[in-house]
Amino acid sequence: MTDIFLRNLGWITAVLVLTTVGLLLLARIPLRYNIRNLRVRWIPTTLTALAFTAVIALLTVMLAFVSGMVRLTQMTGHPGNVLIIDESSNDEAFSNIAASDVGDLVNLPGLVREGGRSWVSMETYLVVNQLLPHARAGRPNRRFLQIRGVDDVRMTALVHELGLQPGGDWFSSAGVREIVGPNGQTITAIEAVLGEGIAREMARDRSPEELAQAKSPETLLPGDIFFLGDRTWYVCGLLQSAGTTFDSEVWVKRSLAASIFGKNTYTTVVARTPDAKTAKQLCDYINTQYKKAAVRALLEKEYFTSLQETNQQLLVAISFVAVILAVGGVFGVMNTMFAAVSQRTADIGVLRLLGFSRWQILGSFLLESLLIALVGGVLGCALGSLSHGWTANSIVSSGQGGGKFVVLRLVVDAGTLAAGMTLALAMGAVGGLAPAWRATRLRPLEALT
Amino acid sequence: MTIANDFCVQLRGIHKYFFRGSERLDILNGLNLEAPEGEFLALMGPSGSGKTTLLNLIAGLDKPSEGEVWVRDQCISAMSESQLARWRTRNIGFVFQFYHLLPVLTAYENVELPLLLLPLSAAQRRQQVETALELVGLQDRMDHRPGQLSGGQQQRVGIARALVTDPALILADEPTGDLDARSAEEILDLMAELQRSLQKTIILVTHDPRAAARADRILHLDKGRLVDSLPVEPTPVRRSPRGSTRE
Amino acid sequence: MKLFLLVLKNIRRNLLRSVLTGLGTMVLVVVVIMVWSILWFLDEQTKEKTSNIKAIVTERWQMPSRMPLSYAPELRAGAARKPEHVRPLDSMTWQFYVGSTEPNRFGRETALFIVGTQPEKVLTMFDDLDTLPPDSPDRQRLEKAIQAMKTNRQALLIGRERMEAINKRVGERLKVYGMSLRGVDLEFEIVGVFPEGRWNNLAVMDWEYYNAAIDAYKRRPGVRPHPMTERSLSIVWLKTPDTRSFTAVASQIAASPSFTNPQVKTETLASGTAAFLEAFRDLIWGMRYFLMPAAVVTLCLVIANAISLSVRERRKEFAVLKVLGFRPAHILGLVLGEAILLGVVSGLLSAAGVFVLINVVFGGLKFPIGFFGTFYIPVRAIWWGLGVGAATALIGSLAPAWIACRVRVAEIFARVG
């Protein structure tokens, strides 16, 4: 049902807007009659419109969350990229490709080559526990951190088309650097490049002393350190990763990650071809003819699209809640409009005697209900729009295990607002119909006595 | 079928009855009535005599159980409801005891209401509304809401609204019933004046012999029949059962 | 009492409005109760207990956790090596196996998520199953199934929903093709179904059967070591009587020299769950501080609207009551009473309705949040319904009731006259 609603959102909006415009054009009873009555009865008008505002604001925020997730999964991935994981996995989180198997993958046909090198990124994706000794009260004392160990960070950045923020640098070929510890001793710290989102997230769980020395209270910056897996880590750069799933990742030299976290296999190989067509051919080749390693290939774009399963589940839940709330709002507007009709029976009688038809009476009351809905809906959308740009943590997943922890930005776009206004007008129309119908059933003379 | 005649209103063999269970309640019993063009006719009768039912039949708000209602050359008792709605706009003007103005609209807007159903330009409407308000002497109260007008003034707006579409027939149901003696007198003067100058047919339903006395002809209704002459006895003016302002 | 009768009469007078308001209250209370049920359940899961603590041992750094099976005996003993060491009350191991009933398809109608463990531990360690009354039919059915698992190595205990999804019945045999570990295919006979509830989508097999299958797979020629064969143990669950013994066991495990590659960590089930739910932090925050308030505010507005409409229509009547000697407090009580009665009745009906509808008719509320897929409405939700109905009615009707009791008699009658 939800699906049907979403797929036909355009149609439903069109029907509702056309109905409203049609009523406005065909109505012979002047609109100011409705507006003045709404003003005279400002208490129920306001209360009803506010109920609409609450429902629509909530819907807008919830949809903005989903839009944020959709945008995230849509923006990540390059059409020419092919994601290679082991054949028994459906997500890189569970993948294991032996070190001896990845070497041959650079010789795959159709890859982009430059200076004699194939554009292939060799990666080990890990989810690890980061202990948070300084976690604020009431918060868990560890977090799951996504680590991407990479063999050649410049190549990986090239394949994923990610750059560094000014002031940072990629990690060195050794992947470690000597830094001076708090007591003047020398520490070998692991160099890491952080996604913007996770850099902000990690900045929240620092001790007061760390915070006092921090370059920024908001985010970790190049030169800052953090602790993970019994080691000290040195932030050498931040990725320009906003809006992608890489925003929540920590990149590090793969051989170091392997030894610290005990994972010696690769999980993911990402190969760049010139275009989507070649990428598709490469996928087919790997999945049907390539026998040198037990791997399977996916188009990177399709992989990230598959992570939208979470969105679908959320959308279903949101629509369910929105519909229930909307029904509550409908009962509210019905009360208001029934009261309006019974209070204006004399008006209705006169209008009928003057020659206004039942349909014109119906239209007038329906329009009045839609006016309340319009005001409430616009307010709700406006209020909900304040959430635009908020960041939120979530998980995107294909629904079969795995998935990614992400930091997303809520997006209030035209579609979200259209959905909000559509629901508001639909509530107004449904709630206004029965009272308007009752108004047409009044016999003019009985209405006047 | 068209019957050429000089009557504005013609009722032929009208019966109106309801059934309560198996019992038949006769409201109107084989009633005939003819009102020539331009006549000011008063209908009198005690409560329950069928006055209002008769008025409803003439206005096309109700249909007779038997018989035909003709207004000018149209048999309105044979028309459908939507035809009647359109017909009423052009041919009938109503004046009510309790004025029944829409409280949120100004005097001007109230008078304009029936014109909105006709294919007129805004300028044409404005001209007609202003003329009508001028006729009832309220051109300086156009932008007042009913709540800001006295009872007599409200009834003048009601009359202007009845006139504005230039209908052949004006039906008035106790138009002075809710007014004090002086205002009532003024309203009756106005109606008589309009009838003379504009040559409108007016059917006035009333309890009040003083009001009826202004008419060209008085008919008495009793137990569903027209009685030629009934002794005129003074009846108290009906009091308003409700306030003129909205709660 | 007299006042109460008057309240009842007023509710009946504009029945349409009372019904609409009641229905509005009911649907909005449904939202509140559903969201509240989810939040309450999650809170319960992450609340630290002080007795009968479940501890969960997993790989220290990586997720998903993968430990060698050789860790199992020592971990199950709580790494107790000396006589003075604390031993857990109970323990079980978890080995995950993901498979499909069709070799090359993996979807909702074919997927199986099977846990290899010690069958009898289902009765003592699984949440909700460990508290089944010994003489309940659920418990007796479950015991019978566990008994069958002890004699039949290929026995499979499965959740009802999953069984229906793959279109099988108790007593049927099935072959499952390995997805988490290609080449390890297993054959089962379904011997029982979990009691209705949170295990509706899980399946349990005998760990010995699974480990034998892995051994056989490893002995095949040309098979290379694979993390899923070398490190097939995901979780060890321990039960300790109190916080002190939990801390002792945790430090015994941390001190043990056996667990170095990979290292392991011990935490309470509640804190493990909390860490897991951290990923959904903002979603849960949104439910708690956005969804719930929006539903409650909407409800207050709907009630305030209805009550203010009826107060407005009855101003004259309140004036008459005042003339008859009613004090403002009486009128206040009359209006508040009407609203609260309506709120309480609708709230109760709604809560009872949603309880039956979700738990019995729909078999739980599907809302996938981490490893919790289905939520149930707790019995206490009935009281929440009552409370939310009464509270929102009170808030919503305060202003209209105040207006009603401040009605000025003279003014009202002046308008009539």
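Quick summary incoming for the structure in this document.

1. Remarks on the overall build of chain B
A tally of regular secondary structure across chain B gives 7 helices and 10 strands. Taken across its 247 residues, chain B has 53% of its residues classed as buried. Across chain B, the fraction of contacts at a sequence separation of at least 24, relative to all contacts at a separation of at least 6, is 72%. For chain B, the accessible area works out to roughly 11,200 Å², and carbon and sulfur atoms hold 48% of it.

2. Points about the packing of helix α4 (residues 42–75) of chain A against helix α15 (residues 414–441) of chain A
Residues and elements named next belong to chain A. Relative to each other, α4 and α15 sit at 150°, their axes nearing to 9 Å. One finds that α4 runs roughly antiparallel with respect to α15. Judged by the twist between their axes, the crossing of α4 over α15 is right-handed. Contact residues: Phe 52, Val 55, Ile 56, Leu 59, Thr 60, Leu 63, Ala 64 and Ser 67 in α4; Thr 416, Leu 417, Ala 419, Gly 420, Leu 423, Ala 424, Met 427 and Gly 428 in α15. Here the contact of α4 with α15 is built from residues that sort into 11 nonpolar, 5 polar and no charged.

3. Things to note about the state of the cysteines
In protein chemistry, a disulfide is the covalent bond that joins the sulfur atoms of two cysteines. Residue and element names in this part refer to chain B. Summed over all chains, the structure comprises 0 disulfides over all chains. With no disulfide partner, Cys 75 has as its closest neighbouring cysteine sulfur the one in Cys 8, 15 Å distant. Using a relative accessible area of 19% as the deciding quantity, one classes Cys 75 as buried.

4. Thoughts on the interface of chain A and chain C
Accessible area lost upon the coming together of the parts is a frequently used measure of interface size. Each side of the interface is counted separately: chain A has 68 residues, and chain C has 57 residues. Around 5,200 Å² of area is buried between chain A and chain C when both sides are counted, 63% of it from carbon and sulfur atoms. Together, Arg 142, Phe 331 and Asn 335 of chain A form the three largest contributors to the area buried by chain A at its contact with chain C, with a combined 12%. Between Arg 60 of chain C and Asp 230 of chain A there is a salt bridge, with its nearest N and O atoms 3.7 Å apart. Counting the contacts that link chain A with chain C gives 10 residue pairs in polar contact (both at pLDDT 80 or more). Of all the secondary structure elements, the ones that give two or more residues to the side of chain A that touches chain C are α4, α5 (99–102), β4 (120–131), β5 (142–150), α9 (254–261), α12 (309–343) and β13 (391–396) of chain A. Examining the composition of the side of chain A that touches chain C, we find that 19 residues originate from one element, α12 of chain A, more than from any other. Of the residues belonging to the side of chain A that touches chain C, the class tally is 37 nonpolar, 19 polar and 12 charged. Of the pairings in the sheet, the one linking β4 of chain A to strand β2 (residues 62–63) of chain C comprises 2 bridges and is antiparallel in character. Bridging across to β2 of chain C, Val 127 of chain A finds its partner in Met 63 of chain C.

5. Digging into the sheet that holds strand β2 (residues 23–36) of chain B
All names here are of chain B. Pairing in this open sheet of 4 strands is antiparallel, and the strands run β2-β1-β4-β5 from one edge to the other. In the strand order of this sheet, the two ends are held by β2 and β5 (74–75), each with one partner. Where helix α1 (residues 51–59) meets the sheet, it contacts β1 (7–20), β2 and β4 (66–71), and its direction lies at approximately 60° from that of β2.

Conventions adopted
Residues numbered from 1 in each chain as written. Chains lettered and ligands numbered in written order. Predicted model: local features only at pLDDT ≥ 70, side-chain atom pairs only at ≥ 80, totals over all residues. Heavy atoms only, no water. Helix = DSSP H or I, 4+ residues; strand = E, 2+ residues; numbered from the N terminus. Buried < 20%, exposed > 50% of the residue type's maximum accessible area, 1.4 Å probe, protein only. Contact = heavy atoms within 4.5 Å. Areas by Shrake-Rupley, 256 points an atom, 1.4 Å probe, with all protein chains shown as cover. Axes fitted to C-alpha atoms, helices over the stretch in contact; angles between N-to-C directions. Parallel < 35°, antiparallel > 145°, perpendicular 65-115°, else oblique. Left-handed = near helix turned anticlockwise from the far one by under 90°. Nonpolar A, V, L, I, M, F, W, Y, C, P; charged D, E, K, R; others polar. Disulfide = S-S within 2.5 Å. Buried area = accessible area lost by both parts, 1.4 Å probe. Salt bridge = Lys/Arg side-chain N within 4 Å of Asp/Glu carboxyl O. Polar contact = N/O pair within 3.5 Å; in protein donor to acceptor, adjacent residues only side chain to side chain. Pairing = 2+ DSSP bridges.

Purely spatial values, then, with no claim about function.
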